[in-house]
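What the coordinates show
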Amino acid sequence: RAPSPLPPNTYIKQPNLLAYDAELRPDLHMLQDIEACEILKRHPHENLATYYGCEVSNDGRVVGLCFEAYQQTLMEMVNPGHLSKHHPPDCSSTAADNYISAIRNGIHHIHSLNLAHNDLNPSNIMFDAHDKPVIIDFDSCLPFDSCVSTAKRTHGWFNPEIKISDPQNDWDALSEMHAWLHGTTEKYKFS
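Residues numbered from 1 in each chain as written. Predicted model: local features only at pLDDT ≥ 70, side-chain atom pairs only at ≥ 80, totals over all residues. Heavy atoms only, no water.

This part covers the overall build of the protein. Within the protein one finds 4 helices and 8 strands. For the protein, the N- to C-terminal ordering of α and β elements is β-α-β-β-β-α-α-β-β-β-β-α. With 191 residues in all, the protein has 44% of them scored as buried. Partitioning the contacts of the protein with sequence separation of at least 6, the portion at a separation of at least 24 is 64%. Accessible area for the protein stands at about 10,300 Å²; split by element, carbon and sulfur atoms hold 51% of it. (Helix = DSSP H or I, 4+ residues; strand = E, 2+ residues; numbered from the N terminus. Buried < 20%, exposed > 50% of the residue type's maximum accessible area, 1.4 Å probe, protein only. Contact = heavy atoms within 4.5 Å. Areas by Shrake-Rupley, 256 points an atom, 1.4 Å probe, with all protein chains shown as cover.)

The subject of this paragraph is the environment of Cys91. Looking at the element boundaries, Cys91 is found in the loop between helix 2 (74–78) and helix 3 (93–112). With 90 residues separating them along the chain, Cys91 and Leu181 place their C-alpha atoms 6.5 Å apart.

Glancing now at unusual backbone geometry. With glycine set apart, most residues show a phi of negative sign, and most peptide bonds adopt trans. Cis geometry is found at the peptide bond from Ser4 to Pro5, where omega equals 0°. Within the fold, Pro5 resides in the segment before strand 1 (10–13). Even without being a glycine, Asn118 presents a positive backbone phi close to 70°. For Asn118, the position within the fold is in the loop between strand 5 (115–116) and strand 6 (125–127). Residue Asn118 is classed as buried on the basis of its relative accessible area of 4%.

Written as C-alpha cells, this is what we have:
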C-alpha cells in the first residue's frame, strides 16, 4: 500500500480501459506493473520512477499505482509538435548524449534485477525536477525469457517479431532513441 496521506506531488496511474482490446487484459497489465514496481521499490535507482505503492479501495481492490509526479516526457521536451519518430527532434548532441547515458544507467539497473523493460521509447522517459531522465511505465517490464506477446508496447518502438523479454529489446530501443535524438539513421550498438 502507498503511504496515507500520499506525498505531495504524487501521480496515480490508473488503467485506461480504452487502451485495451479484447486480447489485452488491464488487470493482468496492472499486476505485471505492480510486480515490477515492487522489485524496483526494493532496489531504487535515480534514473527509474519513484514508486510509492498501491492505492487501495475500501473493499481491498487496487485502484491505482502511486508514483512521484514528473512534468514532461522526453518526447514532449525535444519534439513539442509531437511529430513522427522520423522527424529530427530539437535536441543538441550534448543533451542527447547526456539523456542516453542516464537512460542507459537505468537500463543496466533494471537488467541487474533480471528484468527487461521491453517498452523503452521517448514517451516512457520523463524528467525529474532537476531535469534528470527517469524511466517510467513498467507494465511490460518482465523477467528475462517471459512471454511479451501480450505486453502493451508502443507502436513503432519495438520489433513485433520479438516474443520474449530480453535485455536486447531494451538495447535495441535505446539504439533507436539514440538515432532519433541525433537525427540520424545510423544505429549505435549498446550493451
